[in-house]
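Descriptive structure summary
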Amino acid sequence: MSDTITQQPPKHARRVKAEKPASLWSDAWYDLRRNKVFLIGSVLALILILMAAFPSIFSHINAYDPATCDLKTARRGITGEHWFGTDNLGCDTYSRVIYGARVSILVGIITTVITTVVGGGMGLVAGFFGRWSDVLLSRVAEIFFAIPPILGALLILSVIGRDNAGIGTVVMALGVLYWPLLLRIMRAAVISAKNQDFVVAARALGASSGRIMIRHILPNAVAPVIVTATLNLGAFIAAEAGLSFLGVGVQSPTISWGLMISDARPWFLAQPEPLLFPALFLSITVLAFVMLGDAVRDALDPKLR
Amino acid sequence: MGRYALRRLLQAIPVLVGTTFFIFVIVYALPGDPIQALGGDRRMDPVIARALRDKFGLDDPLLVQYWHYLTGIFSGNFGTTFRGVEVSSIFAGKFQVTLQLALTALVMEAIIGVGLGLWSALRRGRWQDQFVLAVTLLLVSIPPLVMGFVLQLWLGVKFKLGTGIELVPVAGIGAGEKSYLLPGFVLATTSIAYLTRLTRTSLMETLRSDFIRTAVAKGMPRRRVLGRHALRNSLIPLVTYLGADLGALMGGAVITETIFNLPGIGLQLFQSVYLRENTVVVGIVTVLVLIYVVANLVVDLLYAVLDPRIRYE
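Since we're looking at a predicted model, the values are computed, not measured. Within any chain, residue numbers begin from 1 and follow the written order of that chain's sequence. By the order in which they are written, chains take letters starting at A while ligands take numbers starting at 1. Reporting of local features is limited, given that this is a predicted model, to residues whose pLDDT is at least 70; pairs of side-chain atoms are given and counted only at 80 or more, and all residues count toward the totals for whole chains, interfaces and linings. Neither water nor hydrogens contribute to the side-chain values; these are computed over all heavy atoms in the structure.

Here we look at the overall build of chain B
Across its full length, chain B carries 13 helices and zero strands. Secondary structure counts use DSSP, requiring at least four H or I residues in a row for a helix and at least two E residues in a row for a strand, with both numbered from the N terminus. Element order for chain B, N to C, with α for helix and β for strand: α-α-α-α-α-α-α-α-α-α-α-α-α. Throughout, the radius of gyration refers to the C-alpha atoms, and the reference size of a globule is 2.2 Å times the residue count to the power 0.38. A compact globule built from 313 residues would reach a C-alpha radius of gyration of about 20 Å, whereas chain B, at 24 Å, exceeds it by more than 25%. Each principal axis of the C-alpha atoms in chain B carries an extent, and together these give about 85 × 60 × 30 Å. Per-residue burial over chain B gives 47% buried out of 313 residues. Any two residues whose heavy atoms approach within 4.5 Å are treated as being in contact. Restricting the contact set of chain B to residue pairs at least 6 apart, pairs at least 24 apart contribute 72%. Accessible area of chain B: about 15,700 Å², with a carbon and sulfur share of 64%. Think of it in three bands: residues with accessible area under 20% of the maximum for their type are buried, residues over 50% are exposed, and the middle band is partly exposed, with areas taken using a 1.4 Å probe on protein chains only. With residues, only the protein chains shown are counted as cover, and all accessible areas are computed by Shrake-Rupley using a 1.4 Å probe.

And the structure:
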């Protein structure tokens with residue numbers, strides 16, 4: 001199955017070029033480079049990451065400088081000076097939207113890395129060693145898996161309190177609730193790789209457990225984990241905005257799209273720009289990472305075609 | 001089947017105990033003393049503080065307190081807030097709103113998701129298929145937070161002012177069932193996308209199987225092949241997805257209810273977080289998590305009934 005919107009090249013075309021057996025990775029890379037969804041997604045993602053790292057390239061106004069806000073020009077529509085209008089406090093919405101990218105991208109990437117390393121690592125251990133390590137890890141994972149993420153995060157963050165809330169606590173709350181998903185996927189992939197002939201051969205040749213795990217099983221089990229991790233990235237970004245909107249995520253004066261939406265809400269029917277622009281950027285960001293995830297899945301998981 | 005059901009039921013017990021314990025411990029680990037906080041800035045009389053601590057059992061060992069909390073939940077008693085309001089009285093009437101919202105979302109999801117999925121599977125590779133996949137990509141990418149406000153603005157202000165026609169109410173539940181249409185759709189968007197893709201994959205897989213080829217080969221009309229053979233067999237994963245999603249939708253209703261001002265359990269949760277009423281937050285989260293776990297359990301059992309091939313491990 002192909003979930004991308006581009007036309008896939010016919011299967012034979014790809015087979016013909018593969019005269020010598022290509023590895024999964026070079027095959028996947030070959031597919032990705034020709035995938036329009038992947039190209040659009042990665043260009044968008046790169047621009048957003050650049051925006052998060054160096055917001056001053058995109059905006060000459062430093063949104064973190066309160067001196068740039070002018071109450072006299074509060075809640076103005078789109079003008080030549082303020083491309084996206086101004087918000088309730090007279091701050092420039094364009095620069096705030098640009099500076100807001102940082103929180104979303106940071107939460108998305110850090111949470112993805114942490115859940116992948118922790119969940120994936122535990123899944124590797126559980127799948128490879130089995131027995132009590134599997135029982136223990138899988139049971140614990142099941143418990144966290146049974147909590148709907150937004151609810152669990154809301155609970156954790158409301159207990160931690162708004163005084164301590166920030167990027168770190170949001171990452172922690174989402175991480176606690178999402179690692180079991182990666183564990184499950186890694187564990188299943190490891191178990192199916194464990195019994196294959198090349199692993200038996202490596203063992204017969206006297207390879208140690210550690211070597212088999214890292215050199216033979218991990219490269220053959222990591223593909224579905226990478227797919228899930230990429231798809232999760234967009235979900236984390238949306239979750240951060242949702243939690244910040246609900247008041248338990250990052251707090252003012254940190255600039256976050258979710259917070260901007262929440263701040264603009266009381267006036268939004270009369271003056272929608274301060275709400276619509278962060279909402280637009282949020283959707284584009286999620287879209288970019290969902291497109292990447294879709295494309296990576298199609299490339300790495302040919303079974304799903 | 002009997003063995004599978006039993007094992008699945010037994011498996012649910014540690015999950016239920018684990019999730020409730022997790023919720024409990026988080027709140028137990030709460031920094032600060034709730035009794036002192038009740039007194040505000042003034043120091044509370046030690047005798048009263050003592051009495052209150054005894055009343056709420058705050059000095060009991062962790063496991064004893066957990067036991068009180070657990071037995072309370074299963075007898076419908078969620079305790080009282082430290083201000084003396086019964087938590088279960090706060091729940092009254094609000095679950096219905098959330099349930100109705102979740103059910104509306106579920107029906108929309110089933111109609112739109114399955115419909116789009118079937119359409120694209122039957123037009124595989126043509127523009128209709130590409131179009132449906134592009135739509136699902138957009139639906140996944142627009143968070144309910146954005147979708148809710150944008151639709152509220154378009155339908156509630158732009159369209160209404162432009163044409164004078166109110167298609168659907170955009171806030172509150174004043175208009176009865178109609179009020180749930182828009183929030184239900186917003187709540188369902190992500191699930192619509194997933195269900196569309198699931199339907200598409202599932203039907204395409206079934207259409208490739210041998211019994212479909214046999215049915216076509218023996219000259220059965222296309223309608224009958226699709227209706228009788230293909231659809232029935234591709235519906236199994238969809239039914240289970242929908243069942244499990246009911247729990248997820250109720251849990252996810254907090255943002256939608258906040259946007260549309262629906263007086264459900266999600267809006268209450270939002271307000272209680274805002275007012276720092278942790279007892280209420282814990283009560284609501286516990287109930288919603290239990291619904292979610294039980295929905296998944298029921299669905300797993302249902303799956304075994306619908307598809308006799310399934311066996312536990």
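That was the structure; now back to the text.
Here's the deal with the domain arrangement of chain B
Residue and element names in this part refer to chain B. Bear in mind that the domain bounds are from an automatic or database domain assignment. When the domains of chain B are assigned, the result is domain 1 (2–74) and domain 2 (92–306). Domain 1 and domain 2 are separated by 34 Å when their C-alpha centres are compared. Reported buried area values correspond to the accessible surface (1.4 Å probe) lost by two parts on association, with both partners' losses combined. Summed over both sides, the interface between domain 1 and domain 2 buries roughly 1,200 Å², with carbon and sulfur atoms accounting for 84% of that surface. In terms of surface lost to domain 2, no three residues of domain 1 exceed Tyr4, Arg8 and Ile23, which account for 39% of the buried area on that side. We count a salt bridge whenever a side-chain nitrogen from Lys or Arg sits within 4 Å of a carboxyl oxygen from Asp or Glu. The tally of links between domain 1 and domain 2 comes to one salt bridge. Among the salt bridges present, the one from Arg8 reaches Asp300, with a minimum N-O distance of 2.6 Å. Whenever two N or O atoms come within 3.5 Å, that pair is a polar contact, provided that in protein one can donate a hydrogen and the other can accept it, and provided that, for residues adjacent in sequence, both atoms are side-chain atoms. For the pair domain 1 and domain 2, the interface holds one residue pair in polar contact (both at pLDDT 80 or more). Among the secondary structure elements, those contributing two or more residues to the side of domain 1 that touches domain 2 are helix 1 (2–28) and helix 4 (62–74). No other element matches helix 1, which puts eleven residues into the side of domain 1 that touches domain 2.

Regarding the interface of chain B and chain A
At the interface, 51 residues of chain B touch 48 residues of chain A. Summing the contributions of chain B and of chain A, the shared interface buries around 4,400 Å²; its carbon and sulfur component is 73%. The largest contributions to the chain B side of the interface with chain A come from Phe22, Leu137 and Phe149 of chain B, which together make up 14% of the buried area. The tally of links between chain B and chain A comes to one salt bridge. Of the charged contacts in the structure, one is a salt bridge between Arg197 of chain B and Asp294 of chain A, with a shortest N-O distance of 2.9 Å. For the pair chain B and chain A, the number of links is four residue pairs in polar contact (both at pLDDT 80 or more).

Brief notes about the environment of Arg102 of chain A
Residue and element names in this part refer to chain A. Residue placement: Arg102 occurs in helix 5 (residues 93–129). Looking at Arg102, the relative accessible area reads 37%, which means it is partly exposed. Sequence spacing of Arg102 and Val140 is 38 residues, and the spatial spacing of their C-alpha atoms is 33 Å. Setting aside residues up to four positions removed in sequence, Arg102 forms contacts with Ala52, Ala53 and Pro55. A polar atom in the side chain of Arg102 sits 2.8 Å from the backbone oxygen of Ala52.

Looking at the packing of helix 10 (residues 209–245) of chain A against helix 12 (residues 273–300) of chain A
Residue and element names in this part refer to chain A. Angles shown run from 0 to 180 degrees and are taken between the N-to-C directions of axes, each axis being a line fitted to C-alpha atoms and, for helices, limited to the stretch in contact. Two elements in contact, helix 10 and helix 12, have axes separated by 8 Å at closest approach and are oriented at 170°. As summarised for this structure, helix 10 and helix 12 are arranged roughly antiparallel, according to the angle between their axes. Along the contact surface, helix 10 presents Ala223, Ile226, Val227, Thr230, Leu231, Leu233, Gly234, Ile237, Ala238 and Ala241, while helix 12 presents Leu282, Thr285, Val286, Phe289, Val290, Leu292, Gly293, Asp294, Val296, Arg297 and Leu300. Each angle gets one of four labels, with under 35 degrees taken as roughly parallel, over 145 as roughly antiparallel, 65 to 115 as roughly perpendicular, and the rest as oblique.

Quick look at the pattern of salt bridges
According to the stated counting rule, one finds seven salt bridges over all chains in the structure shown. Residue Arg139 of chain A pairs with Glu142 of chain A through a salt bridge whose shortest N-O separation is 3.4 Å. Pair noted here: Arg139 of chain A and Glu142 of chain A are both in helix 6 (residues 131–145), with a separation of three residues, about one helical turn. Taking relative accessible area as the criterion, Arg139 of chain A reaches 34% and is therefore assigned partly exposed. Judged by its relative accessible area of 16%, Glu142 of chain A falls in the buried class. Salt-bridge contacts for Asp294 of chain A lead to Arg297 of chain A; the nearest nitrogen and oxygen are separated by 2.7 Å. Remark: Arg297 of chain A and Asp294 of chain A occur in helix 12; sequence separation between them is three residues, near one turn of the helix. Using a relative accessible area of 2% as the deciding quantity, one classes Asp294 of chain A as buried. For Arg297 of chain A, a relative accessible area of 13% translates into the label buried. In this structure, a network of salt bridges that share partners links the residues Asp294 and Arg297 of chain A together with Arg197 of chain B.

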